[in-house]
Structures are given as structure tokens and as C-alpha cells.
Amino acid sequence: MKKLFCLALLGIASAAQAENCVIDLKSDDQMKFDQTQITVAASCKTLQIKLAHIGKLPVAAMGHNVVIALTADIQPISMDGQKAGAAANYVAADDKRVIAHTALIGGGATTTVSFPGSALKAGTDYSFFCSFPGHWAIMKGKLTVK
Ligand code: CU1
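Read on for a plain summary of the structure. (Residues numbered from 1 in each chain as written. Predicted model: local features only at pLDDT ≥ 70, side-chain atom pairs only at ≥ 80, totals over all residues. Heavy atoms only, no water.)

**Considering the coordination of the copper ion**
Stage number 1. The protein atoms donating to the copper ion are His64 (ND1), Cys130 (SG) and His135 (ND1), with metal-donor distances spanning 2.1 to 2.2 Å.
Stage number 2. The sequence pattern describing where the donors of the copper ion fall on their chain is H-x65-C-x4-H. You can see His64 sitting in the loop between helix H2 (59-62) and strand S4 (67-70) and its partner His135 sitting in the loop between strand S7 (126-129) and strand S8 (140-145), a full 71 residues away along the chain.
Stage number 3. By relative accessible area, which is 0% here, His64 ends up buried. (Donors = N, O, S within 2.8 Å, 3.2 Å for Na, K, Ca; no water. Helix = DSSP H or I, 4+ residues; strand = E, 2+ residues; numbered from the N terminus. Buried < 20%, exposed > 50% of the residue type's maximum accessible area, 1.4 Å probe, protein only.)

**Here we look at the nonpolar core**
Stage number 1. Formed by 26 residues in total, the largest nonpolar core has its most connected members in Ile23, Ile68, Leu120 and Leu143.
Stage number 2. Elements supplying a minimum of two residues to this core: strand S1 (22-27), strand S2 (37-40), strand S3 (46-53), S7 and S8.
Stage number 3. For this core, the element with the highest residue contribution is S3, accounting for three residues.
Stage number 4. Core analysis: the next-biggest nonpolar cluster, separate from the first, contains eight residues, Ala69, Ile74, Ile77 and Val91 among them. (Core = buried A, V, L, I, M, F, W, Y, C linked by side-chain atoms within 4.5 Å.)

**Some details on unusual backbone geometry**
Stage number 1. In this model, Met31 sits at a positive phi of 60°, which is unusual for a non-glycine residue.
Stage number 2. With respect to the element layout, Met31 can be found in the loop between S1 and S2.

Put into C-alpha cells, the structure is as follows:
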């Protein structure tokens, strides 16, 4: 029984390598993500965003989130997010331009969120970014779907 379970896990692990369905990011106290380019497969049933804040600063000073949206929507989403405030994770409620977003976290914290792969279309200009006030201008990267 145990052996079968391990084999099943191995199968899942190798499938995940073939087609990436995880947007796996680390952030720090320098207002940076560890990657500027992530590619996910268009065939993913479910996409997952994983964010680890490996810095030490508290959420109020150096909070980070991950927002997925069209590249052209980064600025307007961030402007409306700033008005919504920290309690709303700097994402306006019911913002239809936001495809997915994580919670806002501080140093030492991690957060994960999943969303349907069908929310993204291959060949579209998407980005991941942090909507914390002032961060979105530099704390971002390109999300490619293929
Ligand atoms: Cu940030």
C-alpha cells in the first residue's frame, strides 16, 4: 500500500516537471522576486502560486503579494489596490482584471493560492507582480503560457 502511494507521487512529480503548473517565487527585503520570467503550460488544469518571503521586515514595511494579470493592467490594478489598502492585500475587491492573487505577507512567511488553468490563454502578454504601493513598478516579471 505504502509502496503504491510512493509510486503515485513519483508519477505526479515527473508529470509536473514535464509541464510546469506552479508559479514558484521567492521575495526578499530588497523589493525583488527571485525570477523575472516564468513559463507555465497551457494544459494545466490547476495553476498554483507559491510565494515565500525570505526577508525579515514586517508586512507593513515590506509586504509582498503576487498578482497575475495582463501586463497592460499592472498599473491600474496597483493604483486601485493602493486605495483598497493593506487589509485588502492591496487588491481592490472584485477587480475583474485580476486573474489571481495571493495574500500579502511579511518576512519569514509563505502563502499559496490555486486557480483554474483555463483562466490563462497561450500567447497572451501576462505578468506577475507585487501590488504593494511602489513595488509594482519594479517588482514584476513576465508570465508566459504555452
Ligand atoms: Cu512587494
